[in-house]
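What follows is the residue order along each chain.
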Amino acid sequence: MDVITLLLAYILAVNLAGFVLMGVDKYKARKRAFRIPEATLFIVAIIGGSVGSILGMYVFRHKTQRRKFIYGMPFILILQIALAIAFLRAPIEISFI
């Protein structure tokens, strides 16, 4: 398996996890059960699941009134896009020792 395939599989998995966690937390909120900590939702977004988390927010209508989610999740996504662009534009230097 090459690096690109592994990276795409990781991004897909972590975004799916972010989406599912938003749905599960919404379900638990309705049932007044033990909730998923907000820190966990943000960590999943930070490690690459920001798109899935944002989609989950709006599909499940969850955390859409909380400012730290309304502004925080898109901020994380913008930061990830900027870092990806910077990484892709960085000069590549390969050296063998």
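Just above sits the structure.
It should be emphasised that the depicted structure is a prediction, and the values quoted were computed from it without experimental measurement.

The terminal C-alpha atoms of helix α2 (residues 38-59) lie 18 Å apart, and with 22 residues this falls more than 12% below the ideal 32 Å at 1.5 Å per residue. When the local axis directions of α2 are compared, the greatest deviation, roughly 130 degrees, occurs at Gly49. Two residues or fewer after α2 comes Arg61, characterised by a positive phi angle close to 50 degrees.

Along the chain, Ile92 falls in the segment after α3 (67-89). Each C-alpha atom, one on Ile92 and one on Ala13, is 28 Å from the other, the two residues being 79 residues apart in sequence.

Another point: the pattern of salt bridges. One pass over the full model with this rule turns up four salt bridges. A salt bridge links Glu38 to Lys63; its shortest N-O distance comes to 3.1 Å. Of the two residues, Glu38 is situated in helix α2 and Lys63 in the loop between α2 and α3; the sequence distance between them amounts to 25 residues. In this structure, Glu38 and Arg66 form a salt bridge, with 3.2 Å as the shortest nitrogen-oxygen distance. Here Glu38, found in helix α2, pairs with Arg66, found in the loop between α2 and α3; they are 28 residues apart in sequence, far enough to count as distant. For Glu38, a relative accessible area of 18% gives the class buried. The class for Arg66 is partly exposed, based on a relative accessible area of 38%. Here the salt bridges share partners, and the residues they tie into one network are Glu38, Lys63, Arg66 and Lys68.

So, how was this worked out
Residues numbered from 1 in each chain as written. Predicted model: local features only at pLDDT ≥ 70, side-chain atom pairs only at ≥ 80, totals over all residues. Heavy atoms only, no water. Helix = DSSP H or I, 4+ residues; strand = E, 2+ residues; numbered from the N terminus. Expected span 1.5 Å × (residues − 1). Bend = angle between axes of the 7 residues up to and from the residue. Salt bridge = Lys/Arg side-chain N within 4 Å of Asp/Glu carboxyl O. Buried < 20%, exposed > 50% of the residue type's maximum accessible area, 1.4 Å probe, protein only.

Honestly, that's just the spatial picture; any functional story needs more than this.
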